[in-house]
Amino acid sequence: MKKILGYAAIAGFIALGASCTQEKKLPIYGDREAKITKDANGNEKIDTVYKTIPNFKFLNQDSIEVTQDAFKNKVYVADFFFTSCSTICPIMHRNMKTIFDKYKDNRDVMFLSHTIDFKYDKPSVLKKYAQKLGADVPQWQFLYGSKEEVYKLAEKDYLVAVQEDSSATDGYIHQGWLVLIDKHKRIRGAYDGTKTEEVEKLKTDMDILLAEKD
Amino acid sequence: MRKIIVYSLFFGAIAIAINACQSASEIEMAKYMSNGKDIYQARCQNCHGENGEGLGELAPPLTDTIFLKSNKQKLACYIKNGVNEPMQIHGKTYQEKMPAFKDLHDIDIAQVTVYITNSFGNRHGMYTYEQVANDLKSCN
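Residues numbered from 1 in each chain as written. Chains lettered and ligands numbered in written order. Predicted model: local features only at pLDDT ≥ 70, side-chain atom pairs only at ≥ 80, totals over all residues. Heavy atoms only, no water.

A. Representation of the pairing of strand β6 (residues 109-115) of chain A within the structure. All names here are of chain A. Counted residue by residue, β6 has seven buried out of seven residues, so it is predominantly covered. Across the two faces of β6 the burial is the same, with V109, F111, S113 and T115 and M110, L112 and H114 all buried. Here strand β5 (residues 75-81) runs beside β6; their pairing, made up of seven bridges, is parallel. The partner of D79 across the bridge, within β6, is S113. Traced from β5 through helix α2 (residues 89-102) to β6, the parallel crossover comes out right-handed. In the sheet, β6 pairs with strand β7 (residues 140-143) via four bridges, with the strands oriented parallel. Bridging across to β7, F111 finds its partner in W140. In this region the chain leaves β6, passes through helix α3 (residues 123-133) and returns to the parallel neighbour β7; the handedness of that crossover is right-handed. (Buried < 20%, exposed > 50% of the residue type's maximum accessible area, 1.4 Å probe, protein only. Helix = DSSP H or I, 4+ residues; strand = E, 2+ residues; numbered from the N terminus. Pairing = 2+ DSSP bridges. Right-handed = clockwise from strand over helix to strand, strands pointing away.)

Following this line, the structure appears as structure tokens:
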């Protein structure tokens, strides 16, 4: 009897272990709504519509117009920064560069940095910055746009707070989130780009996201 | 026997006293180093890196010990007033602007300079706040 119990316990542990190794899935952030559609037979079906990043049109570091098509079917990391920022941006980009180095040869991964300094960070400035950071490649897009468009995109869509502030050291304040976007333009994670442990988490989550089946 | 113990205690005490005297400057140095490290982490590390490695070509590394040695009198000016001129470091030109740290006092500048010039493979010894005050007079 005792033996049977022992075996049962072992079997239980194995089952537990198996359930733990089940595929991990990242949450999907943002508001969602239910859409009711009718199929050909008139049966009602409920679909969940997730929040997605809307289309945009900005100039990149090569002064070429870039739309969301450049990020089609890519997983990408997005952030908001400006080149003359001497506080958190260098840390964010030092950390983002380690992610870039890890996924350099991965065609499914891209990087996108929006500047919030619409006065000074013209494409030529972004180009120089990208070169000096060692990231002037098509895989990492540095985008310039008008204040209204970029700030709206940051706050309404990427959920990152950005603001002009004359009392701040460099004239702007913003949050240092690195936002992880999936192939369906949905937000799957946001990580504090100034903390190495959170950036490590992003790398782990990136692998989970890349392994995800559509 | 008793004499031996008394003598050894006596000479031991003298030895300890001498030893303590010698390390007074070392204690001062250690104080500068530890305060300097705090300032470095709060104000410098974001651009120059945890190990003074710099950031691409945006911020130069602090490991060019010859540059630091030959520009030692200018370091206080660099920190206090920022830098807006090209610099040759490890044979490479860096020309990004460095912000000014006006709010740092002479003692802060002395401590952070001691930390930088005695870390990351540098070993340039002590640099007092009196020297900082003196060096700041000749900033251009």
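B. Representation of the sheet that holds β6(A) in the model. All names here are of chain A. Within the open sheet, the five strands sit side by side as β7-β6-β5-β10-β11. Their pairing is mixed. Two strands lie at the open edges of the sheet, namely β7 and β11 (187-192), each paired on one side alone. Strand-to-strand, the axes of this sheet are offset by a mean angle of 20°, without reference to chain direction. Strand contacts of helix α4 (residues 147-158): β5, β6, β10 (177-181) and β11, with the helix running at about 125° to β5, the strand carrying the most contacts. (Axes fitted to C-alpha atoms, helices over the stretch in contact; angles between N-to-C directions. Contact = heavy atoms within 4.5 Å.)

C. Main features of the packing of helix α2 (residues 24-48) of chain B against helix α5 (residues 106-117) of chain B. All names here are of chain B. Direction vectors running N to C along α2 and α5 enclose 95°, while the axes themselves pass 7 Å from each other. As summarised for this structure, α2 and α5 are arranged roughly perpendicular, according to the angle between their axes. Contacts between α2 and α5 involve M29, Y32, M33, N35, G36, K37, I39, Y40 and C44 from the former and I107, D108, A110, Q111, V112, V114, Y115 and I116 from the latter. Along the lines of polarity and charge, the residues of the contact of α2 with α5 split into twelve nonpolar, three polar and two charged. (Parallel < 35°, antiparallel > 145°, perpendicular 65-115°, else oblique. Nonpolar A, V, L, I, M, F, W, Y, C, P; charged D, E, K, R; others polar.)

D. Just the interface of chain B and chain A, in detail. Contacts between the two partners involve 14 residues from chain B and, on the opposite side, eight residues from chain A. It is N46(B), L55(B) and L58(B) that lose the most area in chain B upon contact with chain A, and together they represent 55% of the buried surface on that side. Across the contact surface, chain B and chain A share two salt bridges. Between E53(B) and R94(A) there is a salt bridge, and its shortest N-O distance comes to 3.4 Å. The tally of links from chain B across to chain A stands at eight residue pairs in polar contact (both at pLDDT 80 or more). (Buried area = accessible area lost by both parts, 1.4 Å probe. Salt bridge = Lys/Arg side-chain N within 4 Å of Asp/Glu carboxyl O. Polar contact = N/O pair within 3.5 Å; in protein donor to acceptor, adjacent residues only side chain to side chain.)

E. Quick look at the pairing of β5(A). Residues and elements named next belong to chain A. Of all seven residues that make up β5, seven are buried, and the element is covered over most of its length. Burial of the side chains of β5 extends over both faces: V75, V77, D79 and F81 are buried on one face and Y76, A78 and F80 on the other. One ladder, built from three bridges, connects β5 with β10; its direction is antiparallel. Across the sheet, the residue bridging to A78 is V179, located in β10.

F. View of the packing of aromatic side chains. Residues and elements named next belong to chain A. Using the criterion set out here, one finds 19 aromatic pairs over all chains in the structure. Measuring from ring centre to ring centre gives 5.6 Å for F100 and F111, while their planes differ by 75°; the resulting arrangement is edge-to-face. You can see F100 sitting in helix α2 and its partner F111 sitting in strand β6, a full eleven residues away along the chain. For F100, a relative accessible area of 2% corresponds to the buried category. Overall, the relative accessible area of 0% leaves F111 in the buried class. For the ring pair F118 and Y151, a centre distance of 6.1 Å and an interplane angle of 75° mean the geometry is edge-to-face. Taken together, the residues F118 in the loop between β6 and α3 and Y151 in helix α4 connect sequence positions 33 residues apart. Given the relative accessible area of 10%, Y151 is considered buried. A connected cluster of aromatic rings, assembled from ring pairs, spans F81, F100, F111, Y129, W140 and F142. (Phe/Tyr/Trp six-rings, centres within 6.5 Å; stacked < 30°, edge-to-face > 60°.)

G. Highlighting the pattern of salt bridges. This model, assessed by the stated rule, comprises 17 salt bridges over all chains. For E96(B), the salt bridge identified is with K132(A), shortest N-O distance 2.7 Å. Pair noted here: E96(B) is in the loop between β2 (92-94) and α5 and K132(A) is in helix α3, and the two residues belong to different chains. Among the charged side chains, a network of salt bridges with common partners joins D182(A), R186(A), R188(A) and E212(A).

H. Quick peek at the UniProt feature "domain: Cytochrome c" (unreviewed entry) in chain B. Cross-referencing UniProt, the feature "domain: Cytochrome c" (unreviewed entry) maps to residues 31-120 of chain B in the present numbering. The span residues 31-120 of chain B carries 51% helix and 7% strand; its end-to-end C-alpha distance comes to 18 Å. (UniProt positions renumbered as here; feature names shortened; annotations may be inferred.)

I. View of α2(B). Compared with the 36 Å implied by 1.5 Å per residue over 25 residues, the 31 Å span of α2(B) between its first and last C-alpha is markedly short. Within the sequence span of α2(B), burial applies to Y32(B), G36(B), I39(B), Y40(B), C44(B), N46(B), C47(B) and H48(B). Where α2(B) is buried, its residues contact α2 of chain A together with α5 and α6 (129-137) of chain B. At the exit of α2(B) stands G49(B), carrying a positive phi of roughly 85°. (Expected span 1.5 Å × (residues − 1).)

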